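# Fold and geometry: a report
So the chains spell out like this:
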Amino acid sequence: MRKPIIVGNWKMNKTPSEALEFMKGIEEVLTGEEAADYGVGAPYVDLDVCVKNAKNLIIAAENCNEKDSGAYTGEVSVPMLKEVGITYCIIGHSERRTYYNETNEHCALKAKRLLADNIIPILCIGETEAEYDAGKTADVIKTQLAGSLAGLEACEVAKMVIAYEPIWAIGTGKSATKEIAEDCCKLVRDTVKALYDEETGEAVRVQYGGSVKPDNIREYMACEDIDGALIGGASLKVDSFKEIIDATK
Ligand code: PGA
């Protein structure tokens, strides 16, 4: 049985004091008895305050570097995240792929390094609107998965979270229908089965992301192959994140 996992992605939002305010507001509604895991991905400078104030909320970094240390100005390594107490890390988000040239190869190295320190990667994949219109969605999903999971063992992949996020649905309000989301999340699972084995595909948790809101999360969560959501805009306000928790716990 896969435990659902719902993670907010704050992107480049919230100062540490704003992060603290959010943590206080959300922690008071979580008991730890929920049927799902809940978490937030936060900017590096917010991570310490988030971890220190988290009781039941998972705190994820939004990126990491695959190397342990060295002359990489502005980068943050996995040992640094580990020492702060981070347990999950988003990798390969479409914004990082588009603006910072993050590739499938980087994702594979980052995932390997994170898993070596028991930090769960949340690997993001998804097609552009042009690729969707050209009927290339399935090819993009398969290529991104094969590249981003390269070098990983089945037992490592089984622990991961994979977020299918069609780029045309991110921040646009144009969420994928539950049928498209389910088909693509099933394809993610089937691709993991083809690359590894049945057991690994059944174990990996697959999220849908892209304009998920309190009023549409239930329909995604009712789908067989959707184990959760990665949520940008609707994770920024305590009230809307609370509504999402209420709709899914
Ligand atoms: P959105 O962002 O929920 O604002 O569409 C999703 C994401 O980028 O992870």
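This text goes with the structure placed above it.
Below is a short write-up of the structure. These figures come from a predicted structure and were not determined experimentally. (Residues numbered from 1 in each chain as written. Predicted model: local features only at pLDDT ≥ 70, side-chain atom pairs only at ≥ 80, totals over all residues. Heavy atoms only, no water.)

## With respect to unusual backbone geometry
Positive phi, close to 55°, is recorded for K11, a residue that is not glycine. Structurally, K11 is set in the loop between β1 (5-9) and α1 (16-27). For K14, which is not glycine, the phi dihedral falls at a positive 85°. Relative to the helices and strands, K14 is located in the loop between β1 and α1. (Helix = DSSP H or I, 4+ residues; strand = E, 2+ residues; numbered from the N terminus.)

## What to know about the nonpolar core
With 62 residues, the main nonpolar core has L57, L81 and Y208 as its most contacted residues. For this core, the element with the most residues is helix α9 (residues 178-195), which contributes five residues. Excluding residues that lie within four positions of it along the chain, L81 makes contacts with Y44, L47, A61, N63, C64, V76, I86, C89 and I119. (Core = buried A, V, L, I, M, F, W, Y, C linked by side-chain atoms within 4.5 Å. Buried < 20%, exposed > 50% of the residue type's maximum accessible area, 1.4 Å probe, protein only. Contact = heavy atoms within 4.5 Å.)

## Observations concerning the sheet that holds strand β8 (residues 228-231)
The eight strands are arranged β1-β2-β3-β4-β5-β6-β7-β8 in a closed barrel whose pairing can be described as parallel. Taking the axes of each pair of neighbouring strands and ignoring which way they run, one obtains an average angle of 25° across the sheet. Taken strand by strand, helix α2 (residues 44-53) contacts β2 (37-42) and β3 (58-61), and its axis lies near 165° from that of β3. Of the strands in this sheet, β5 (120-125), β6 (161-164) and β7 (205-209) touch α9, which is tilted by about 150° from β7. (Pairing = 2+ DSSP bridges. Axes fitted to C-alpha atoms, helices over the stretch in contact; angles between N-to-C directions.)

## A few points about the packing of aromatic side chains
Applying the stated rule across the entire model yields six aromatic pairs. Each ring, one from F22 and one from F241, has its centre 5.8 Å from the other, and the planes form 50°; the classification is tilted. One end of the pair, F22, is in helix α1; the other, F241, is in helix α12 (residues 238-248), and 219 residues separate them in sequence. Across this residue pair, the class does not change: F22 and F241 are buried. Taking the centre distance of 4.8 Å and the plane angle of 50° together, the rings of Y132 and W168 count as tilted. (Phe/Tyr/Trp six-rings, centres within 6.5 Å; stacked < 30°, edge-to-face > 60°.)

## Let's talk about the packing of α1 against α12
Here α1 crosses α12 at 30°, and the two axes come no closer than 10 Å. By crossing handedness, the relation of α1 to α12 is classed as right-handed. Contacts from F22, G25 and I26 in α1 reach V238, F241, K242 and I245 in α12. Of the residues contributing to the contact of α1 with α12, the split by class is five nonpolar, one polar and one charged. (Left-handed = near helix turned anticlockwise from the far one by under 90°. Nonpolar A, V, L, I, M, F, W, Y, C, P; charged D, E, K, R; others polar.)

## What to know about α12
Looking at α12, one finds that the buried residues are S240, F241, I244, I245, A247 and T248. Seen along its axis, α12 keeps its buried residues to an arc of 165°; they face one direction. Its buried side turned inward, α12 meets β1, α1, β2, α11 (217-221) and β8. (Arc of directions from axis to C-beta.)

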